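# Architecture and fold: a report
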Amino acid sequence: MSAWTQETVARLVRYAQLSPSADNMQPFCFQWDGRQLRIAYDQGRVAGHTFGPEAPATLLSLGTTVEAIEQATRLWNHPATFAPTFHDTPDGFEYGALQLEGELPPESGQPLPDPIRHTDRGRYSRRELPSALVQRLRAGVQGGCRMAVHSDRASTRAIAALVQSASELRFQTPELHAWLMDSLRFSEDAAARGDGLDVRTLGLPPGGALMLRCLGNWRRMAFFNRLGGHRAMAGIDAAPVAKAPAVVAVIGPDDRDGALDAGRLLYRGWTWLNEEGVAVHPYYVVSDQVQRLREGSMPQALRERAQRLQAETARQMQLAPGEHLYMLLRVGYAKAAPTPSRRLPLSRVFEVRGGE
Ligand SMILES: Cc1cc2nc3c(=O)[nH]c(=O)nc-3n(C[C@H](O)[C@H](O)[C@H](O)COP(=O)(O)O)c2cc1C
């Protein structure tokens, strides 16, 4: 038997850090006091640069993080469970903690293999998914959440039309434009910081990075939009969805627990796909625009179009009353290996308080 040490907990946090987040902004920080590993929103580092602490996007990411840590502790034969608390503290919003104390079995605490899950925004072939995998995804549940798999061409085209509409709204929203531009890392030095979106991971066409750099200024983007730029940009976003062999939708109850459960299920389904060699490209844009409409942050001029998107999403996704579409995943067999995304140094997100 051995005890939990700073080193073993650091291994868990590193594993958790490799879970996905919107624009790879890694909104969480982790504190260990020798007994509990607390997870909080890293207010000082990310506030104003990405979604807020209680936004569904952040809770989705929290769900993936919690699922990753719990899976890792199971690999160590010492299952730990996340206990949510969801409360404000003077340092920022705290989500809850895992109890990591007492003795560990001898094999625990060993280095963990990196999770296989990753994003691939490249081109996919039209090869169909194995039916056993489709069945596994359809049978996957967490709380009230489920996954729907759409593989017929009419459905993937209809979903691409949702992505097109949502993405047009996104490119006309100054706040979202600012966040995206803030997160983009154009040079090796900028990418080496370890957060944000390294443009090499975006699968852009030739000249795409230069174009994004030129559009970094909102006034230029607004001018470009007057020429129909938002439609062209959205078209680049949506076209691969129409051609994908399948799109997976993560759907669940429209509340805080639903978002957390959706994140857990997202992580699980994504891992199952990657384990079978199937690439995954998440699209949050539809969920995001619907959410912005509901919370009242959709610009007035875009509201009517957002309402149509909301109605069409509910119809296309066959959402029951009280259900929300949390995520769309374009899935298929990749034609080339993707550039992996990076992470912040552990020291930026992990703190030991009090001592072991
Ligand atoms: C809530 C959430 C929203 C995301 N939205 C998108 C998206 O709209 N488009 C996209 O390409 N990737 C999206 N991602 C994927 C992240 O950008 C990706 O996980 C992150 O860059 C880390 O890369 P990795 O998944 O390869 O580890 C999203 C991830 C999460 C958790």
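About the cut-offs
- Residues numbered from 1 in each chain as written.
- Predicted model: local features only at pLDDT ≥ 70, side-chain atom pairs only at ≥ 80, totals over all residues.
- Heavy atoms only, no water.
- 1 Å grid on protein atoms, 1.4 Å probe; cavity = no way out; pocket = protein on both sides within 12 Å on 5 of 7 lines; lining within 4 Å.
- Points joined across faces, edges and corners; volume = space filled by probe spheres on them.
- Helix = DSSP H or I, 4+ residues; strand = E, 2+ residues; numbered from the N terminus.
- Domains from an automatic or database assignment.
- Contact = heavy atoms within 4.5 Å.
- Buried area = accessible area lost by both parts, 1.4 Å probe.
- Salt bridge = Lys/Arg side-chain N within 4 Å of Asp/Glu carboxyl O.
- Polar contact = N/O pair within 3.5 Å; in protein donor to acceptor, adjacent residues only side chain to side chain.
- Nonpolar A, V, L, I, M, F, W, Y, C, P; charged D, E, K, R; others polar.
- Axes fitted to C-alpha atoms, helices over the stretch in contact; angles between N-to-C directions.
- Parallel < 35°, antiparallel > 145°, perpendicular 65-115°, else oblique.
- Left-handed = near helix turned anticlockwise from the far one by under 90°.
- Near = heavy atom within 4 Å.
- Areas by Shrake-Rupley, 256 points an atom, 1.4 Å probe, with all protein chains shown as cover.
- Phe/Tyr/Trp six-rings, centres within 6.5 Å; stacked < 30°, edge-to-face > 60°.
- Buried < 20%, exposed > 50% of the residue type's maximum accessible area, 1.4 Å probe, protein only.
- Lys NZ or Arg CZ within 6 Å of the ring centre and 35° of its normal.
- Patch = residues over 30% accessible without salt bridge, like charges linked within 9 Å, V, L, I, M, F, W, Y side chains within 5 Å.
- Lys, Arg positive; Asp, Glu negative; His and termini not counted.
- Charge placed at Lys NZ, Arg CZ, Asp CG, Glu CD.

Gaps left between atoms are located by rolling a probe of water-molecule size over the structure's atoms. Taken as a whole and judged by the stated rule, the model has 3 cavities of 30 Å³ or more. Of the voids in this model, the largest cavity is the one considered here, and its volume is about 90 Å³. In terms of lining residues, the largest cavity is bounded by A16, Q17, S19, P20, S21, Q26, P27, F28, F30, S61, T65 and V349. Contributions of two or more residues to the lining of the largest cavity are made by α1 (6–17), β2 (28–32) and α3 (56–75).

As a measure of interface size, the accessible area lost when the parts come together is often cited. As far as domains go, the protein holds domain 1 (2–117 + 342–352) and domain 2 (131–332). Placing a centre on the C-alpha atoms of domain 1 and another on those of domain 2 gives a separation of 25 Å. Counting residues at the interface gives 33 residues for domain 1, matched by 32 residues for domain 2. Both sides of the domain 1 and domain 2 interface together cover about 2,900 Å² of buried area, and 63% of this is carbon and sulfur. In terms of surface lost to domain 2, no three residues of domain 1 exceed L60, R117 and R342, which account for 24% of the buried area on that side. The interface formed by domain 1 and domain 2 holds 4 salt bridges in total. Across the pair E67 and R264 runs a salt bridge whose closest N-O atoms are separated by 3.4 Å. At the surface where domain 1 touches domain 2, the tally comes to 11 residue pairs in polar contact (both at pLDDT 80 or more). Where the side of domain 1 that touches domain 2 is concerned, the elements lending two or more residues are α3 and β4 (82–89). Among the elements that line the side of domain 1 that touches domain 2, the one with the most residues is α3, at 12 residues. Here the residues of the side of domain 1 that touches domain 2 are counted per class, giving 17 nonpolar, 9 polar and 7 charged.

Remark: α1 packs on α3, axes separated minimally by 8 Å, with the N-to-C direction vectors making an angle of 135 degrees. When the axes of α1 and α3 are compared, the pair comes out oblique. Read as a crossing pair, α1 and α3 show a hand that is right-handed. Residue-level contacts link L12, Y15 and A16 of α1 to T65, A68, I69, A72, T73 and L75 of α3. In the contact of α1 with α3, the residues fall into 7 nonpolar, 2 polar and no charged.

All right, on to the site of the ligand then. Every one of the 20 residues lining the ligand counts as a neighbour, but R117, T119, R121, S341 and R343 are closest to it. Interatomic distance of 2.8 Å between a side-chain N/O atom of R117 and an oxygen atom of the ligand. Contact between the ligand and Y284: an oxygen atom at 3.0 Å from a main-chain N or O atom of the residue. Alone, the ligand offers 620 Å² of accessible surface; in the complex the protein occludes 90% of this. Secondary structure elements with two or more residues in the shell around the ligand: α3 and β12 (279–283).

Take the packing of aromatic side chains next. Within the structure shown, the criterion is met by 7 aromatic pairs. For the ring pair F86 and F93, a centre distance of 6.3 Å and an interplane angle of 55 degrees mean the geometry is tilted. Residues F86 and F93 agree in their burial class; the two are buried. Three or more aromatic residues joined by ring pairs form one cluster here, namely F28, F86, F93 and Y95. Lying over the aromatic face of F86, R256 brings its terminal NZ or CZ to 4.0 Å of the ring centre. Here R330 stacks its cationic end above the ring of Y124, 3.9 Å away from the centre of that ring.

Quick look at a positive patch on the surface now. A surface patch of like charges, here positive, comprises R123, R126, R153, R157, K243 and K335. Under the relative-accessibility criterion, R157 is labelled exposed at 53%.

With that out of the way, let us pick up unusual backbone geometry. Backbone geometry at N24 places phi at a positive 55 degrees, although glycine is not the residue there. If you trace the backbone, N24 turns up in the loop between α1 and β2. Accessibility expressed as a relative area gives 7% for N24, which makes it buried. Even without glycine at this site, Q26 takes up a positive phi of about 50 degrees. As for its position among the elements, Q26 is in the loop between α1 and β2. Judged by relative accessible area, Q26 falls into the buried class, the value being 7%.

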